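Listed here are the chains, written in short residue letters.
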Amino acid sequence: MKKFMDMLNRVGMFIRQYLGPICWGLFCVCIMQQCMISSLRGELLKMKAGEIAVNDMVEGAISAIENAIPEVVERESSSNTGWIVTAVILLLLAVGVVYLLFRMGKIKLPFGVAVTGKMWQDLQGRVVYTLTVNNKSRKQVEISDAMVEFMDVKKKRKFRMPVKDLPLTLQKGTSHSMTVSLMNLFMNNPDLRAMKALRVLVKVDGKEKHTLPQPYKMQ
């Protein structure tokens with residue numbers, strides 16, 4: 001409260017000290033305002049005098065534009081609709097291609113956790129699977145519970161994948177690859193040879209993520 005009163009006192013002292021110049025400045029502002037108002041009033045009167053002629057020209061132009069607009073709008077609307085449909089289709093195709101490349105491990109997005117994998121044969125002819133987990137998130141994650149799922153048109157079969165590296169903690173900005181033999185699964189379950197594809201599922205911080213299904217054909 002004391003600071004507020006001191007400020008008021010300083011403002012009052014300033015006004016009393018410079019009262020003459022303040023009043024003279026306000027007077028000049030009022031004169032300038034009146035001159036500006038008079039000038040604007042004159043301009044408005046001139047504009048109003050020519051308003052009728054201008055209105056006639058404008059009405060004629062508007063009438064011509066209104067007659068031409070329906071045909072132009074119809075053509076533009078049809079053209080715009082075609083472009084929109086084409087753009088949406090191209091966007092969906094691009095998103096689909098990016099998703100497939102991402103799940104196949106061909107590209108890596110700068111965020112999240114990607115799980116990719118591939119079944120292949122080593123030099124001895126053994127069927128193995130390489131699983132890669134890439135952590136592009138901003139925190140470390142816990143990887144656990146790897147499962148391999150074999151799929152056919154009518155049925156699926158799921159087995160626990162014998163990955164010795166799991167569970168593991170994967171730091172941010174790092175990746176980890178694991179190669180596991182699938183020979184025992186195929187030997188103990190001959191029906192898996194007739195399946196069409198397989199994928200691997202792991203838990204990342206308790207949430208399930210899976211690789212893109214990989215088609216295969218056993219000899």
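The shown structure was predicted, so the numbers you read here are calculated from the model rather than taken from an experiment. (Residues numbered from 1 in each chain as written. Predicted model: local features only at pLDDT ≥ 70, side-chain atom pairs only at ≥ 80, totals over all residues. Heavy atoms only, no water.)

Draft legend 1. Structural detail: the overall build of the chain. For the chain, the helix and strand inventory stands at 4 helices and 9 strands. Counting from the amino terminus, helix and strand elements in the chain follow one another as α-α-α-β-β-β-β-β-β-α-β-β-β. Every one of the 219 residues in the chain was classed for burial, and the buried ones make up 23%. Here the analysis covers contacts within the chain between residues at least 6 apart in sequence; of these, 59% occur between residues at least 24 apart. Per element, the accessible surface of the chain, about 16600 Å² overall, is 64% carbon and sulfur. (Helix = DSSP H or I, 4+ residues; strand = E, 2+ residues; numbered from the N terminus. Buried < 20%, exposed > 50% of the residue type's maximum accessible area, 1.4 Å probe, protein only. Contact = heavy atoms within 4.5 Å. Areas by Shrake-Rupley, 256 points an atom, 1.4 Å probe, with all protein chains shown as cover.)

Draft legend 2. Inspection of unusual backbone geometry at higher detail. In the segment running from Leu-166 into Pro-167, the intervening peptide bond is cis, with an omega of -5°. Positive phi values are uncommon outside glycine, yet Asp-145 reaches one of about 55°. By the secondary structure assignment, Asp-145 is in strand β3 (residues 141-151). Judged by its relative accessible area of 36%, Asp-145 is partly exposed. The phi dihedral of Asp-205 falls on the positive side, at around 55°, and the residue is not glycine. Relative to the helices and strands, Asp-205 is located in the loop between β7 (197-204) and β8 (207-210).

Draft legend 3. Layout of the nonpolar core. Ranked by size, the top nonpolar core spans 30 residues in total, and within it Ile-143, Phe-150, Met-161 and Leu-182 carry the most contacts. Counting only elements with at least two residues in this core, the list comes to β1 (113-121), β2 (127-135), β3, β5 (168-170), β6 (174-181), α4 (183-188) and β7. The greatest single-element share of this core, amounting to 5 residues, is contributed by β3. Beyond its immediate stretch of four places on either side in the chain, Ile-143 contacts Val-133, Leu-166, Pro-167, Leu-168, Leu-170, Val-202, Lys-203 and Val-204. (Core = buried A, V, L, I, M, F, W, Y, C linked by side-chain atoms within 4.5 Å.)

Draft legend 4. Region of interest: the pattern of salt bridges. In total, this model carries 5 salt bridges according to the counting rule given. The partner of Lys-139 in a salt bridge is Asp-205, and the shortest N-O contact between them spans 3.9 Å. With a gap of 66 residues between them, Lys-139 in the loop between β2 and β3 and Asp-205 in the loop between β7 and β8 connect regions that are remote in the sequence. For Asp-205, a relative accessible area of 37% gives the class partly exposed. Residue Arg-157 pairs with Asp-191 through a salt bridge whose shortest N-O separation is 2.8 Å. You can see Arg-157 sitting in strand β4 (residues 156-160) and its partner Asp-191 sitting in the loop between α4 and β7, a full 34 residues away along the chain. Note on Arg-157: relative accessible area 27%, which makes it partly exposed. (Salt bridge = Lys/Arg side-chain N within 4 Å of Asp/Glu carboxyl O.)

Draft legend 5. Region of interest: the sheet that holds β1. Read across the open sheet, the 3 strands follow the order β1-β2-β6; overall the sheet is antiparallel. Across the chains shown, the open sheet's two edge strands, defined by having one partner strand only, are β1 and β6. Strand-to-strand twist of the sheet, defined as the mean angle between neighbouring strand axes without regard to direction, takes the value 15°. Bridge count for β1 against β2 is 9 bridges, and the pairing is antiparallel. Bridge pairing links Trp-120 to Val-128 in β2. (Pairing = 2+ DSSP bridges. Axes fitted to C-alpha atoms, helices over the stretch in contact; angles between N-to-C directions.)

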